[in-house]
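Report on the structure
Spelled out from the first residue to the last, the chains are:
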Amino acid sequence: MTDSRPPLSLTTKLFYAVGAVANAVKLRGLSTFLMLFYNQVVGLPPTTVTFVLMIALVFDAIVDPLVGQISDNFKSRLGRRHPFMYAAAIPVSVAFYMLWNPPTGLSDGQMVAYLLACLPTVRLFDTFFELPHSTLAPELAKDYDERTKLISLRMLFAVIGGLGMTVLAYQVFLKE
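Below is a short write-up of the structure. (Residues numbered from 1 in each chain as written. Predicted model: local features only at pLDDT ≥ 70, side-chain atom pairs only at ≥ 80, totals over all residues. Heavy atoms only, no water.)

1. Focus on the overall build of the chain
Convention followed: Under the DSSP-based scheme used, a helix requires at least four consecutive residues in state H or I and a strand at least two consecutive residues in state E, with every element numbered from the N terminus. Burial here depends on accessible area, computed with a 1.4 Å probe over protein chains only, as a share of the maximum for the residue type. Under 20% is buried, over 50% is exposed, and the range in between is partly exposed. Here, two residues are considered to be in contact whenever any of their heavy atoms come within 4.5 Å of each other. Accessibility throughout is a Shrake-Rupley quantity obtained with a 1.4 Å probe, and a residue counts as covered only by protein chains that appear here. In this tally Asp and Glu are treated as negative and Lys and Arg as positive; neither His nor the chain ends contributes. For this purpose, a charge sits on NZ of Lys, CZ of Arg, CG of Asp or CD of Glu.
Looking only at helices and strands, the chain has five helices and zero strands in total. Taking the principal axes of its C-alpha atoms as reference, the chain extends roughly 65 × 35 × 25 Å. Out of the 176 residues in the chain, the part that is buried amounts to 35%. Long-range pairs, those at least 24 residues apart, make up 74% of the contacts in the chain with a sequence separation of at least 6. In the structure as shown, the chain presents an accessible area of about 10500 Å², 68% of it carried by carbon and sulfur atoms. Looking at the chain, you have 14 positive and 12 negative side-chain charges, and the mean spots of the two groups are 5 Å apart.

2. Examining the environment of L44
One can find L44 in the loop between α1 (10-41) and α2 (46-73). For L44, a relative accessible area of 1% gives the class buried. Sequence separation of L44 and D108 is 64 residues, and the distance between their C-alpha atoms is 6.6 Å. Residues within four places of L44 in sequence aside, it is in contact with Y38, N39, V49, D108, M111, V112 and L115.

3. Digging into the environment of I90
Mapped onto the elements of the fold, I90 is located in helix α3 (residues 82-100). Of the residues examined, I90 reaches a relative accessible area of 63% and is grouped as exposed. Taking the C-alpha atoms as reference points, I90 and A24, 66 residues apart in sequence, are found 17 Å from one another.

4. Brief notes about the packing of helix α4 (residues 108-140) against helix α5 (residues 144-173)
Rule in force here: Think of each axis as a best-fit line through the C-alpha atoms, taken over the contacting stretch in the case of a helix, with angles from 0 to 180 degrees between the N-to-C directions. Angle categories are assigned with fixed cut-offs, so that under 35 degrees is roughly parallel, over 145 is roughly antiparallel, 65 to 115 is roughly perpendicular, and the rest are oblique. For any pair of crossing helices, the crossing counts as left-handed if the nearer helix is rotated counterclockwise from the farther one by less than a right angle, and right-handed if it is rotated clockwise. In this classification, the charged set is Asp, Glu, Lys and Arg, the nonpolar set is Ala, Val, Leu, Ile, Met, Phe, Trp, Tyr, Cys and Pro, and all remaining amino acids, among them Gly, are polar.
Where α4 contacts α5, the axes come no closer than 8 Å and their chain directions differ by 150 degrees. In this view, α4 runs roughly antiparallel relative to α5, as classed from their interaxial angle. Handedness of the α4/α5 crossing: right-handed. On α5, the residues that touch E130, H133, S134, A137, P138 and L140 of α4 are R147, L150, I151 and R154. Taken together, the residues of the contact of α4 with α5 sort by class into five nonpolar, two polar and three charged.

5. Quick look at the side chain of E146
Inclusion rule: Definition used for salt bridges: Asp or Glu carboxyl oxygen within 4 Å of a side-chain nitrogen of Lys or Arg.
Structurally, E146 is set in helix α5. Of the side chains bearing the opposite charge, K13 lies closest to the buried E146, which forms no salt bridge; the N-O distance is 4.5 Å. Apart from the residues lying within four places of it in its own chain, the contact partners of E146 are P7, L8, K13 and A141.

6. A closer look at the nonpolar core
Convention followed: We define a nonpolar core as any set of buried Ala, Val, Leu, Ile, Met, Phe, Trp, Tyr and Cys residues linked to one another through side-chain atoms lying within 4.5 Å.
Core analysis: the biggest nonpolar cluster contains 23 residues, and L34, Y38, L44, L99, W100, L115 and L119 have the highest contact counts within it. Going through the elements one at a time, α1, α2, α3, α4 and α5 are the ones with two or more residues in this core. Formed by nine residues, the second largest nonpolar core is a distinct cluster that contains L8, Y16, A88 and L136.

7. Digging into α2
Counted only if it meets this: A helix is expected to span 1.5 Å multiplied by its residue count minus one. To get the bend at any residue, fit one axis to the seven residues that end at it and another to the seven that begin at it, then take the angle between the two axes.
Here α2 contains 28 residues, and its C-alpha end-to-end distance of 40 Å stays within 8% of the 40 Å for a straight helix at 1.5 Å per residue. A bend of about 25 degrees at V63 is the largest found in α2, and the proline P65 appears one to four places after it. Packing partners of the buried residues in α2 comprise α1, α3 and α4.

8. What about the pattern of salt bridges?
Taken as a whole and assessed by the stated rule, the structure comprises six salt bridges. In this structure, the salt-bridge partner of R123 is D60, at a minimum N-O distance of 2.8 Å. Within this pair, whereas R123 is found in helix α4, its partner D60 is found in helix α2, the two being separated by 63 residues in sequence. The pair R123 / D60 is uniform in exposure class, with both members buried.

9. Re the packing of aromatic side chains
Note the threshold: Stacked, edge-to-face and tilted are the three classes for Phe, Tyr and Trp ring pairs, Trp counted by its six-membered ring, which pair at centre distances within 6.5 Å; planes under 30 degrees apart are stacked, over 60 edge-to-face, the rest tilted.
On inspection of all chains with the given rule, the structure shows seven aromatic pairs. Their ring planes at 85 degrees and their centres at 5.1 Å tell us that F37 and Y38 sit as a pair that is edge-to-face. Accessibility assignment for this pair places F37 and Y38 in one class, buried. Aromatic side chains F74 and F84 sit 5.0 Å apart centroid to centroid with 70 degrees between the ring planes, which places their arrangement in the edge-to-face category. Here the residue F74 occupies a position in the loop between α2 and α3, and F84 occupies one in helix α3, the gap between them amounting to 10 residues. Site record: aromatic cluster; members linked through ring pairs are F37, Y38, F96 and W100.

Dropping the structure here:
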């Protein structure tokens, strides 16, 4: 049985692909700047920040399959992927902002607790967006070639987003 759907429009492809920018910004920020920020700016020992990062990754390893399973079996009038993506947009943005703007005057223990609250929250809500978003591609494009082009466009936007984050960080936010 063949699928007789028309090819995806350029607008649909672009709207799908631009969703990868947010994940790339988050990934670049966490992988490149989080340790530096919480060690050099906030003043936490690198071993402490590393330990919090490990906890967040273990949390992610548990949550990701659960969210995937829920998303795969979810039914709504908006489809099975979109409700998660819509629900995650604002919380992940707020949590990401809070991660990079910790309150001043906290003790090291309080700052660790703050980081332990913010980082897993960012990762949780990112999972609620990123996992359904990435699994949406095969549902949008049933044809192998069209799906490959769609995912390639998504990866292009991810690279542009990550590169843009790095350039902004070094040329604007971390400029002397």
